[in-house]
Amino acid sequence: MTETAEMIDPMTGEIIDQKELAEALLEQAREQGVSLLGPGGLLAGLTKNVLETALEAEITEHLGHERHGAAESGNVRNGTRSKTLFTEVGPVDIDVPRDRAGSFEPRIVKKRQRRLDGIDEVVLSLTARGLTTGEIAAHFDEVYGATVSKDTISRITEKVSEEMAEWANRPLDRVYPVVFIDAIHVKVRDGQVRNKPFYVVLGVTVNGERDILGIWAGDGGEGAKYWLGVLTEIKNRGVEDVCIAVCDGLKGLPEAITTVWEQATVQTCVIHLIRNTFRYAPRQHWDELSRDLKPVYTAPTEAAARERFADFEAKWATKYPAIGRLWRSAWAEFAPFLDWDAEIRRVICSTNAIESLNARYRRAVRARGHFPNDAAALKCLYLVTRSLDPTGQGRARWATRWKPALNAFAIAFEGRIN
């Protein structure tokens with residue numbers, strides 16, 4: 001947890017007890033019948049006083065003399081101009097000081113600035129949660145009693161485009177022990193509304209941190225050429241080696257992976273394989289199927305897994321023959337999983353790495369319904385990405401659990417992840 005910055009009384013130099021100060025202010029608000037938030041509220045009044053005090057200090061520094069002091073430069077104060085500023089506590093009317101020469105450029109509230117920076121972050125946060133511009137405008141009207149146009153909200157979210165471009169082209173680590181490649185389907189209006197896949201590539205760093213390497217839009221017809229372009233882009237950003245690439249039967253992807261990183265092992269996503277198994281059976285048999293499948297993917301060797309799968313097929317092949325075909329067709333990509341140490345299996349089989357991320361994406365996408373184009377969908381997914389794990393607790397947990405796996409990777413891929 002981060003500690004709140006200490007407040008010091010400028011007169012006595014003593015540290016102010018912020019809890020006592022807050023209680024005193026709330027008691028004063030109750031006595032005066034003043035609300036906490038909204039226009040004319042207690043926090044709005046405090047914000048006005050703080051901003052105007054800061055602006056007064058800025059113009060004093062600019063002019064080089066206090067109010068009514070000697071003006072050595074000849075430039076003096078020239079009254080104030082009123083301005084309504086939108087803040088996290090609602091609209092605040094402030095008086096901005098002016099100078100006679102017109103050379104004063106305030107820093108805390110710049111000329112023509114109508115919002116504090118925190119408001120932009122609120123808009124971006126609400127957008128990341130899937131709210132439309134109309135819903136965000138209604139939220140500000142309801143909570144803050146302020147009118148914010150849809151165009152203003154769109155301009156705020158558009159500001160993130162440059163940041164998104166920098167993020168999409170940032171340098172990456174030299175090596176990733178594990179890379180997950182998965183797709184999230186988003187409704188996009190392209191002539192007509194249709195589902196389009198957006199591919200997310202998530203890497204686990206040598207330090208055990210999850211790093212989203214990028215997001216790419218597809219149209220459902222991607223082949224080896226498409227994937228070669230995506231993976232080459234990742235390689236050009238600094239990724240020289242990938243030990244294990246976990247994916248789920250995307251056409252042309254395994255061939256592209258081994259073309260870009262010759263030593264990489266392509267591993268089918270075991271969780272996806274298990275889930276696809278359930279598609280061919282009614283829910284009443286899912287628990288029994290799960291119990292019978294577990295000996296297959298937890299087998300100590302491939303030979304043992306084949307024996308256990310034969311037992312599985314002997315029981316279920318007559319009822320659900322498609323399940324047997326599914327596993328046999330995926331066996332070549334599934335089998336490498338059985339060669340790994342238990343710690344490596346735990347990492348590449350974990351649903352937490354990619355599923356928790358996809359859950360956040362789906363929540364935002366469902367809330368929006370559909371997007372007008374690919375760019376709007378990418379922007380929404382990026383805003384979700386930048387809002388992940390704000391406290392860093394998730395990264396800390398992963399790093400702690402990563403140490404046993406790192407030892408296993410160091411032995412299995414000796415000399416490649418150092």
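Residues numbered from 1 in each chain as written. Predicted model: local features only at pLDDT ≥ 70, side-chain atom pairs only at ≥ 80, totals over all residues. Heavy atoms only, no water.

1. What to know about the environment of Ile181
Here comes step 1: Within the secondary structure, Ile181 sits in strand 5 (residues 175–190).
Here comes step 2: For Ile181, a relative accessible area of 4% corresponds to the buried category.
Here comes step 3: A sequence separation of 67 residues divides Ile181 from Asp248, and the C-alpha atoms of the two residues are 7.7 Å apart.
Here comes step 4: Here Ile181 is in contact with Val200, Val201, Trp227, Leu231, Val246, Cys247, Asp248, Leu250, Leu253 and Ile257, once residues within four sequence places are set aside. (Helix = DSSP H or I, 4+ residues; strand = E, 2+ residues; numbered from the N terminus. Buried < 20%, exposed > 50% of the residue type's maximum accessible area, 1.4 Å probe, protein only. Contact = heavy atoms within 4.5 Å.)

2. Some remarks on the packing of aromatic side chains
Here comes step 1: In this structure the tally under the stated criterion is 15 aromatic pairs.
Here comes step 2: A ring pair is formed by Phe334 and Phe337, whose centres lie 6.2 Å apart and whose planes are at 25°; its orientation type is stacked. Like Phe337, Phe334 is buried.
Here comes step 3: Among the aromatic residues, those joined into a cluster by ring pairs are Phe309, Phe312, Trp327, Trp331, Phe334 and Phe337. (Phe/Tyr/Trp six-rings, centres within 6.5 Å; stacked < 30°, edge-to-face > 60°.)

3. Notes on the pairing of strand 5
For a regular strand, the rule is simple: side chains alternate between the two faces of the sheet.
Here comes step 1: Within strand 5, 12 of the 16 residues are buried, leaving the element largely enclosed by the surrounding structure.
Here comes step 2: As paired strands, strand 5 and strand 8 (residues 241–247) are joined by 5 bridges and run parallel to one another. Each residue of the ladder has a partner; that of Phe180, found in strand 8, is Val246.
Here comes step 3: The sheet contact formed by strand 5 and strand 6 (residues 192–204) spans 13 bridges and is antiparallel. When the bridges of strand 6 are listed, Val188 appears paired with Arg194. (Pairing = 2+ DSSP bridges.)

4. A closer look at the confidence of the model for the protein
Here comes step 1: For the protein, per-residue confidence averages 79 on the pLDDT scale, and 77% of positions sit at 70 or higher.
Here comes step 2: Segment residues 7–13 is flagged for pLDDT under 50; beyond a separation of four residues in sequence, or across chains, it makes 11 contacts in the model. (pLDDT = per-residue confidence, 0-100.)

5. A short note on the sheet that holds strand 5
Here comes step 1: Read from one edge of the open sheet, 5 strands run 7-6-5-8-9, paired in mixed fashion. With partners counted over all chains shown, the strands left at the sheet margins are strand 7 (210–217) and strand 9 (265–268), one partner each. Direction aside, the axes of adjacent strands within the sheet are offset by 25° on average.
Here comes step 2: Here 4 bridges tie strand 8 to strand 9, and the two strands are oriented parallel to one another. Residue pairing across strands places Val246 opposite Gln267, the latter belonging to strand 9.
Here comes step 3: Helix 13 (residues 342–349) rests against strand 5, strand 8 and strand 9 of the sheet, and its axis sits at about 15° to strand 5. (Axes fitted to C-alpha atoms, helices over the stretch in contact; angles between N-to-C directions.)

6. Concerning helix 6 (residues 160–168)
Here comes step 1: Burial in helix 6 covers these residues: Val160, Met164 and Trp167. In a view along the axis of helix 6, the buried residues occupy a sector of 60°, so they form one face of it. In helix 6, the exposed positions that point more than 90 degrees away from the buried face belong to Glu162 and Glu166. (Arc of directions from axis to C-beta.)

7. Observations regarding the pattern of salt bridges
Oppositely charged side chains are able to pair whenever their charged atoms sit close together.
Here comes step 1: Per the counting criterion, the structure on display carries 10 salt bridges.
Here comes step 2: Note that Glu163 and Arg386 form a salt bridge whose closest N and O atoms lie 3.0 Å from each other. Linking Glu163 in helix 6 with Arg386 in helix 15 (residues 374–386), this pair joins segments that are 223 residues apart in sequence.
Here comes step 3: Given the relative accessible area of 31%, Arg386 is considered partly exposed.
Here comes step 4: In this structure, the salt-bridge partner of Arg170 is Asp211, at a minimum N-O distance of 2.9 Å. Separated by 41 residues along the polypeptide, Arg170 in the loop between helix 6 and strand 5 and Asp211 in strand 7 bring together distant segments of the chain.
Here comes step 5: On the basis of relative accessible area, Asp211 is assigned to the buried category, the value being 18%. (Salt bridge = Lys/Arg side-chain N within 4 Å of Asp/Glu carboxyl O.)

8. Here we look at the state of the cysteines
Here comes step 1: Taken as a whole and assessed by the stated rule, the structure comprises 0 disulfides.
Here comes step 2: In this model Cys247 remains outside any disulfide bridge; the closest cysteine sulfur is found in Cys269, 8.8 Å from its own.
Here comes step 3: The exposure class assigned to Cys247 is buried, which follows from its relative accessible area of 4%. (Disulfide = S-S within 2.5 Å.)

9. Here's the deal with the environment of Pro295
Here comes step 1: Residue placement: Pro295 occurs in helix 10 (residues 286–297).
Here comes step 2: It is 9.8 Å that separates the C-alpha atoms of Pro295 and Glu307, two residues lying 12 residues apart in sequence.

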